[in-house]
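# Summary of structural features
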Amino acid sequence: MRLAILTLITCLALPALAGDLSPRPGWAVHATAKTHAQLVEDTRAAITANGLGIVTQAGPTEAAARRGITIPGNRVIGAFNNDFAVRILALSTAAMIEAPIRFYVTENTDGTATLGYKLPSQVFAPYLDEGGDELAAIAAELDARFAAVAAQAIASQ
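Owing to the predicted nature of the structure, the values given are computational and were not obtained by experimental measurement.

The rules behind these values
- Residues numbered from 1 in each chain as written.
- Predicted model: local features only at pLDDT ≥ 70, side-chain atom pairs only at ≥ 80, totals over all residues.
- Heavy atoms only, no water.
- Helix = DSSP H or I, 4+ residues; strand = E, 2+ residues; numbered from the N terminus.
- Contact = heavy atoms within 4.5 Å.
- Phe/Tyr/Trp six-rings, centres within 6.5 Å; stacked < 30°, edge-to-face > 60°.
- Buried < 20%, exposed > 50% of the residue type's maximum accessible area, 1.4 Å probe, protein only.
- Pairing = 2+ DSSP bridges.
- Axes fitted to C-alpha atoms, helices over the stretch in contact; angles between N-to-C directions.
- Salt bridge = Lys/Arg side-chain N within 4 Å of Asp/Glu carboxyl O.
- Core = buried A, V, L, I, M, F, W, Y, C linked by side-chain atoms within 4.5 Å.

Below, the discussion takes up the side chain of His 36. In this structure, His 36 sits in helix H2 (residues 36-49). In contact with His 36, not counting residues within four places along its chain, are Gly 73, Asn 74, Arg 75, Val 105, Thr 106, Glu 107, Gly 111 and Ala 113.

Shown next, in the form of structure tokens:
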């Protein structure tokens, strides 16, 4: 009987938890009090202010709404710049499959938003045998750049 009750409680709680992005290894995850729309706007501004370009953007929220389906705000913003691309290509052609590196803005169940991204050092780790210490150094530069973008994007209004 206890197992059935615990299972029921767990099943009822899962949908509420599914919308929130939680911390995980190799990621930076920043919960904010901002709305999804505000955090998307602030992330875009922070990307360009920190010397990166917005290369891609995608999200299922608007397309789902056109189909009559309501889902939480969800936006992926790919960021990179040509300087990093040229330097990485000189070390590992295969590593460029990872560019652009993406920021992920999700709407939480309480109406706030979270900014997450995989650490560039994590993203490029599989290519270090090929790219060596130079690729590790570039990935560390990107870690710092992405942290600066996140810090600016999540700063209070």
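In this structure the tally under the stated criterion is four aromatic pairs. Taken together, a centroid distance of 6.3 Å and an interplanar angle of 55° make the contact between Phe 80 and Phe 84 tilted. Overall, Phe 80 belongs to the buried group, its relative accessible area being 5%. According to the relative accessible area criterion, Phe 84 is buried, its value standing at 1%. Members of the aromatic cluster, joined through ring pairs, are Phe 103, Tyr 117 and Phe 146.

Ordered by their spatial adjacency, five strands build an open sheet running S1-S5-S4-S3-S2, and the pairing between neighbours is antiparallel. Strands at the two margins of the open sheet, each flanked by one partner only, are strand S1 (27-31) and strand S2 (53-58). Between one strand axis and the next, the sheet turns by 20° as a mean value, whatever way the strands run. Taken together, the five bridges between strand S4 (residues 101-107) and strand S5 (residues 113-118) define a ladder with antiparallel strand orientation. The residue bridging Phe 103 from the neighbouring strand is Tyr 117, located in S5. With respect to the sheet, H2 is in contact with S2, strand S3 (74-80), S4 and S5, its orientation differing from that of S3 by roughly 0°.

According to the stated counting rule, one finds four salt bridges in the structure shown. For Lys 34, the salt bridge is made with Asp 42, and the minimal N-O distance between the two is 2.4 Å. For the pair Lys 34 and Asp 42, a shared accessibility class is recorded, and that class is buried. Linking Glu 141 and Arg 87 is a salt bridge whose minimum nitrogen-to-oxygen distance equals 2.5 Å.

Ranked by internal contacts, the top residues of the largest apolar core, which has 32 residues, are Phe 80, Ile 88, Phe 103, Phe 124, Leu 142 and Phe 146. Counting residues per element, the ones that place at least two in this core are H2, S3, helix H4 (82-89), S4, S5, helix H5 (120-124) and helix H6 (128-154). In this structure Phe 103 touches Thr 43, Ile 47, Arg 75, Val 76, Ile 77, Ala 79, Leu 115, Gly 116, Tyr 117, Phe 146 and Val 149, once residues within four positions along its chain are discounted.

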